[in-house]
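Analysis of the macromolecular model
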Amino acid sequence: GIVTRYLVAHRALVEGVFSDGIDLLMTEIHGTPVAGYESAARSWLETGHFREARAALANARERGADAAAMDRLMTFAEAMEACVEGRYAAAVSGLGAWIDAHPACDEALFIEQASAAMRRIAAIFLRKAEFQTADARGFAGLRILFEVRSWKFDVRFSVSRAPSS
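Keep in mind that what you see is a predicted model, and the values were worked out from it rather than measured.

1. Some remarks on the confidence of the model for the chain
The predicted coordinates should not be examined in detail at positions where pLDDT is low. Model confidence for the chain is summarised by a mean pLDDT of 78, while 76% of its residues fall at 70 or above. Under a pLDDT of 50 for its full length, residues 129-165 has, in the predicted model, 69 contacts with residues more than four places off or in other chains.

Below, the structure written as structure tokens:
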């Protein structure tokens, strides 16, 4: 995870030391370059470095990783990055698309992150005295169901008017 992240983040330095390149080094460490980039991406996702995770996911996909899995994780990363940047309607939409793509069991930690993000978004939204029309559309009738095995997290609320301050 973290060591592989370092190698990916400092690719030029790695390739200056290992003349055979980072892909061969990833093969020696993880068995395949794909597994190495996936390891780096998951480590970045787990620690909230979503932009870096997206780059590693793209590298894994380019090298033949499971396209559906990489696309699903890319959707998660984009949605979480939107949340961090305050683009809440995009975050809600993206997390809904990620859930609709049926996260794998090994994505349980990401479901916990998404749940925390949704709670944060709900709290921020409910505190706003004024909000843009786009925000209202993004949050109207919000219902996202997170499900891993038998564990569920459900967020529901509707917006009929701007909350009062």
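2. Topic: helix H5 (residues 50-62)
Along an α-helix, residues three or four apart share an orientation, since each turn contains 3.6 residues. Along its 13 residues, H5 runs 18 Å from first to last C-alpha, staying within 8% of the 18 Å computed at 1.5 Å per residue. Residues Phe-50, Ala-53, Ala-56, Leu-57, Asn-59 and Ala-60 constitute the buried set of H5. Once H5 finishes, Gly-64 follows within two positions and takes phi at roughly 105°, a positive value.

3. As for the packing of aromatic side chains
Taken as a whole and judged by the stated rule, the model has three aromatic pairs. Aromatic pair Phe-76 and Trp-98: ring centres 4.7 Å apart, planes at 45°, arrangement tilted. On the criterion of sequence distance, the pair formed by Phe-76 in helix H6 (residues 67-84) and Trp-98 in helix H7 (residues 88-100) is long-range, its members being 22 residues apart. On the accessibility criterion, Phe-76 (0% relative accessible area) is buried. Judged by relative accessible area, which is 0%, Trp-98 ranks as buried. Ring centres of Phe-76 and Phe-110 lie 5.2 Å apart, and the angle between their planes is 35°; this geometry places the pair in the tilted category. With Phe-76 in helix H6 and Phe-110 in helix H8 (residues 108-127), the pair connects residues that are 34 residues apart, well separated along the chain. Three or more aromatic residues link up through ring pairs in this structure, and these residues are Phe-50, Phe-76, Trp-98 and Phe-110.

4. Overview of helix H1 (residues 2-9)
Listing the buried residues of H1 in full gives Thr-4, Arg-5, Leu-7 and Val-8. Looking straight down H1, one finds that the buried residues subtend no more than 160° of arc, so they occupy a single side. Across H1 from its buried face, at more than 90 degrees, point the exposed residues Ile-2 and Val-3. Looking at the buried positions of H1, the neighbouring elements they touch are helix H2 (11-17), helix H3 (22-30) and helix H4 (33-46).

5. A look at the packing of H1 against H3
If you want to describe how two helices pack, look at the angle between their axes and the distance between the axes. Viewed as axis vectors pointing N to C, H1 and H3 meet at an angle of 175°, and their least axial separation amounts to 11 Å. The pairing of H1 with H3 is recorded here as roughly antiparallel in orientation. Packed against H1, whose contacting residues are Thr-4, Leu-7 and Val-8, the element H3 presents Ile-22, Leu-25, Met-26, Ile-29 and His-30 at the interface. For the contact of H1 with H3, the per-class residue count stands at six nonpolar, two polar and no charged.

What counts and how
- Residues numbered from 1 in each chain as written.
- Predicted model: local features only at pLDDT ≥ 70, side-chain atom pairs only at ≥ 80, totals over all residues.
- Heavy atoms only, no water.
- pLDDT = per-residue confidence, 0-100.
- Contact = heavy atoms within 4.5 Å.
- Helix = DSSP H or I, 4+ residues; strand = E, 2+ residues; numbered from the N terminus.
- Expected span 1.5 Å × (residues − 1).
- Buried < 20%, exposed > 50% of the residue type's maximum accessible area, 1.4 Å probe, protein only.
- Phe/Tyr/Trp six-rings, centres within 6.5 Å; stacked < 30°, edge-to-face > 60°.
- Arc of directions from axis to C-beta.
- Axes fitted to C-alpha atoms, helices over the stretch in contact; angles between N-to-C directions.
- Parallel < 35°, antiparallel > 145°, perpendicular 65-115°, else oblique.
- Nonpolar A, V, L, I, M, F, W, Y, C, P; charged D, E, K, R; others polar.

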